[in-house]
Amino acid sequence: MNINFDNTYAALPSRFYSPREPEPVSAPQTIKVNDELARRLGFDPRWLRSEQGAQFIVGNQLLEGSEPIAMVYAGHQFGNWVPRLGDGRALLLGEVVADDGQRFDIQLKGSGRTPYSRSGDGRAPLGPVLREYLVAEAMAALGVPTTRALAAASTGDTVLRERALPGAVLVRVAKSHIRIGTFEYFASQGDAKAIALLLNHTMDRHYPELQRESFIALLDAFADRLAELVARWQLLGFIHGVMNTDNMLLSGETVDYGPCAFMNEYDPETVFSSIDRYGRYAYGNQPAIAQWNLSRLAQSLLVAVGAEADSDEAKDIFLNEAQAVVDAFPDRFRKAYRKGMARKLGLGPYRDEYWPLIEDLLGVMADTRSDYTLTFRRLMAQLSTETEHEDLAEELFSLDQAFDPWLARLKAHLDDAPLDLHESLEMMAAENPVFIPRNYLVEEALQEAAEHQDYTAFHELHDVLSEPFTYRSAHHRFALPPEPDQCVGATFCGT
Ligand code: AMP
Ligand code: MG
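This structure is a prediction, so every number in the text was calculated from the model and none was measured.

Conventions and cut-offs
- For every chain, the first residue of the written sequence is number 1, and numbering continues from 1 along that sequence.
- Chain letters and ligand numbers both follow the written order, the letters beginning at A and the numbers at 1.
- Residues qualify for local features only when their pLDDT is at least 70, as the model is predicted, and side-chain atom pairs are given and counted only at 80 or more; totals for whole chains, interfaces and linings, by contrast, use all residues.
- The side-chain numbers reported here are obtained from all heavy atoms of the structure, hydrogens and water having been left aside.
- Throughout, nonpolar core names a set of buried Ala, Val, Leu, Ile, Met, Phe, Trp, Tyr and Cys residues whose side chains join them through atoms within 4.5 Å.
- Think of it in three bands: residues with accessible area under 20% of the maximum for their type are buried, residues over 50% are exposed, and the middle band is partly exposed, with areas taken using a 1.4 Å probe on protein chains only.
- Helix numbering and strand numbering both begin at the N terminus, where a helix is a DSSP run of H or I of at least 4 residues and a strand a DSSP run of E of at least 2.
- A domain assignment, automatic or from a database, supplies the domain bounds used here.
- A contact between two residues is defined here by any heavy atoms of the two lying within 4.5 Å.
- Basic side-chain nitrogens of Lys or Arg form a salt bridge, by our definition, when they fall within 4 Å of a carboxyl oxygen of Asp or Glu.
- Note on definitions. A residue lies near a molecule or strand when any single heavy atom of the residue is within 4 Å of it.
- Counted as a polar contact is a pair of N or O atoms within 3.5 Å, where, for protein atoms, one must be capable of donating a hydrogen and the other of accepting one, and residues adjacent in sequence contribute only when both atoms are in side chains.
- Values of accessible area rely on a 1.4 Å probe in the Shrake-Rupley scheme; residue burial ignores everything except the protein chains shown.
- Three residue categories are used. Nonpolar comprises Ala, Val, Leu, Ile, Met, Phe, Trp, Tyr, Cys and Pro, charged comprises Asp, Glu, Lys and Arg, and polar comprises the others, including Gly.
- Angles shown run from 0 to 180 degrees and are taken between the N-to-C directions of axes, each axis being a line fitted to C-alpha atoms and, for helices, limited to the stretch in contact.
- For this classification, under 35 degrees means roughly parallel, over 145 means roughly antiparallel, 65 to 115 means roughly perpendicular, and everything else is oblique.
- It is the rotation of the near helix from the far one that decides the hand of a crossing: anticlockwise by less than a right angle makes it left-handed, clockwise makes it right-handed.
- We call Phe, Tyr and Trp rings a pair once their centres come within 6.5 Å, taking the six-membered ring for Trp, and we label the pair stacked below 30 degrees between planes, edge-to-face above 60, and tilted otherwise.
- Strand pairing is defined by DSSP finding a minimum of two bridges between the two strands.
- Helix span is expected to be 1.5 Å times the residue number reduced by one.

Overview of the nonpolar core
One finds Y9, F183, W233, L294, L345, L347 and Y372 to be the most contacted residues of the largest nonpolar core, which totals 135 residues. Considering each element in turn, this core owes the most residues, 15 residues, to helix α7 (residues 215-236). Summarising the domain contributions, this core has at least three residues from each of domain 1 (9-174) and domain 2 (344-431). If we skip the residues at most four places from it in the chain, Y372 touches Q234, L235, L236, G237, M263, N264, Y266, Y283, M341, K344, L362 and M365.

Details of the pattern of salt bridges
Taken as a whole and judged by the stated rule, the model has 27 salt bridges. R103 is paired through a salt bridge with E95; the nearest N and O atoms lie 2.9 Å apart. For the salt bridge of E444 with R477, the shortest nitrogen-to-oxygen distance reads 3.3 Å. Here R477 lies in the segment after α15 (456-465) and E444 lies in helix α14 (residues 439-452), a separation of 33 residues in the sequence. Bridged by salt links that share partners, the residues D6, E95, R103, D105 and R205 form one connected network.

With respect to the domain arrangement of the protein chain
Domains assigned within the protein chain are domain 1 (9-174) and domain 2 (344-431). Between domain 1 and domain 2, the C-alpha centre-to-centre distance is 41 Å.

Some remarks on the site of ligand 1
Around ligand 1 sit 18 residues, and of these G86, G88, R89, G122 and D256 come closest. Take R89: an N or O atom from its side chain is 2.4 Å from an oxygen atom of ligand 1. In the model, an oxygen atom of ligand 1 is placed 3.0 Å from a nitrogen or oxygen of the R118 side chain. With the chains in place, 88% of the 490 Å² that ligand 1 exposes on its own is no longer accessible. Across the shell around ligand 1, the residue classes tally to two nonpolar, eight polar and eight charged.

Comments concerning the packing of helix α10 (residues 355-368) against helix α11 (residues 372-383)
Remark: α10 packs on α11, axes separated minimally by 11 Å, with the N-to-C direction vectors making an angle of 120°. Comparing their axes, α11 and α10 come out oblique. Helix-helix and strand crossings are classified by hand; for α10 and α11 the assignment is right-handed. Across from L361, L362 and M365 in α10, the residues of α11 making contact are Y372, T375 and F376.

A short note on the packing of aromatic side chains
Inspection of the entire model under this criterion finds 17 aromatic pairs. Residues Y266 and Y283 carry aromatic rings whose centres are separated by 6.3 Å and whose planes lie at 85° to one another, so their mutual orientation is edge-to-face. Within this pair, whereas Y266 is found in the loop between β12 (261-262) and α8 (286-308), its partner Y283 is found in the loop between β12 and α8, the two being separated by 17 residues in sequence. Centre to centre, the rings of Y337 and W355 are 6.5 Å apart; their planes meet at 75°, and the pair counts as edge-to-face.

Things to note about the pairing of strand β9 (residues 148-160)
With four bridges connecting them, strand β2 (residues 29-33) and β9 associate as antiparallel partners. Paired with K32 across the two strands is A152, which belongs to β9. Judged from the nine bridges that link them, β9 and strand β10 (residues 164-174) form a sheet pairing that is antiparallel. Opposite R148, over in β10, you have V173 as the bridge partner. Two successive antiparallel strands, β9 and β10, enclose a turn made up of three residues.

A closer look at helix α6 (residues 192-206)
The end-to-end C-alpha distance of α6 is 21 Å, a good match for the 21 Å that 15 residues give at a rise of 1.5 Å each. The element α6 is largely enclosed, with a buried count of twelve among its 15 residues. Buried residues in α6 make contact with β6 (90-97), β7 (103-109), α5 (180-188), α7 and α8.

Looking at the environment of P24
In this structure, P24 sits in the loop between β1 (17-19) and β2. Assessed through its relative accessible area of 65%, P24 is described here as exposed. Between the C-alpha atom of P24 and that of Q55, which follows or precedes it by 31 residues, the distance is 9.1 Å. Not counting the four nearest positions on each side in its chain, P24 is found in contact with N60 and R123.

If you want it as C-alpha cells, here you go:
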C-alpha cells in the first residue's frame, strides 16, 4: 500500500511532539473500514480489510512515509489547569492530502504508551473505540463538522480496566489535531516563538483565506466556527460531555467522543457524563463553556502578542480586540442557533418575531418531557397533508395536547413565511433527523461486540445512522426513544 504522506506538523520544531513508535499487539483483526473515506485518502478499502491492513490499523506495520509522533498539549479539564497532557494513547502517523486538496491527519488511537501517558496504559478498550466510530460517523452524516473514523481493528490483547476488556485501535482522521490546549501549552511555557509558529501552521491549514501572523484574525475566525459548531450541537440535542480545552480543535471539528450523548427528553440541564459531577458540561451550558474556552485561547495568544509587541499600545490593542471577540461570542452563537431553529421549523430565513415561538416550543417540550428529536419530526407529520411525511405514526410518538395552541401559532407563521408548505417540509426533512445514535442503542451494539465478539448489531446501527434524515420502516425500532428500563443514565469515558 502506497500512501503519499506529507507531514507538516512533524516538520515543526521538536518541542511540539515526541517521536514514538506504536507498541505491537498480538493478533489484529479488522472490524470496520470506512470505504468512502478510505478511497478519498488513497487507501484501498480491500487492503484495509486484509491481514496486512489489520497490521497497519493497530500500528504493527508502519507505512512508508509515516513519521509517528505524540503531540504535546495542555488544557483545562473541568476548569482545572493541567500543564501537560499530550497524546497519551494516540500517535499521529502523518498527513495525507485528499484528492480534493483537503489535508488530513491520520492518527492511531489506542496504539500504546507515549511520553504523555502518565499512569495510563496507552490502550483503548473495544467498546469506546466502536462508540467513537459510531458517533463520529453519525455526526458526519448529520452534517456536523467532526473528526472521522477510517477503520477499527481488535488487537487480540486485553486491556485492564475495572476488569479485563478486549482491546482495539481506531484510525482517526481529522483536519488537524491542533487544540486550544496546544496553544495553552506553549503559552504556559512563555514560548512566544512556538505560538507564532503554531499560529501560521493553523492559518495555513484551516484559515488560508486570512492574513498570516494576525493573532486577532485567528481568534475571530475560530470564534465563528466555534459558534457554528456549538449551535449545531444544540440544534441536534448533542451533549459533548467533556468540553475541556484540550478537546477543542482549532479546525472547528467535534473531537473526543468519550462520554457524549444525544438527549432523549428535552431538558436543558441534562448531563450524561459520569465524571461531570457538577453538571459543568450540561446541555444548556455548552454555549457558555465554549465562550470560556475561547477566552483561554485569547489569553494564550496574548502571551505571544505581549512578547512580540514593540509597545504597550500594540498589546492594548490586541487586548481590547480580543475582549470584543470573546464578548461577542454569545451573540454569534445566538445568531447561528436561531437561524438553525427557523430552518428546523420550516420557516426559512430567521426573523425576530420567531423567537417567542421558539422559546415557547422549548417550554412546552420541557413541561411535557417530550423527546427532543421526535418532536421536530412529529411537527412535520402534523403539517403535512401528504402521506410521505407521515412516516412517524401516532403509535411511535404523539404530540401532547399541550402543543395544540403552539401548533396554531406555527401554522400562522408558516402562512406568512416566504416558503410554500412543500418547501417548508423539505427544509424540515433536511434539518430534523429521525435516526440519532441514542445511547441505549449504542450500548446495546457495543455490548454484543465486547461480550460476544458479535459485530452484527454494530454494523446494523452504523448503517441505519448513515442516513439519519430518511425514515425506513424496516428500521423503525432505531427511531424510538428508550423505554424507562432501557435508559442509560450515565456515560463513561471508558479510558
Ligand atoms: P481525554 O479524556 O480522552 O480527552 O484524555 C485526556 C488525557 O488523558 C489525554 O492526554 C489522553 O491522551 C490521556 N489518556 C486517556 N486515556 C489514556 C490511556 N489509556 N493511557 C494513557 N493516556 C490516556
Ligand atoms: Mg481528549
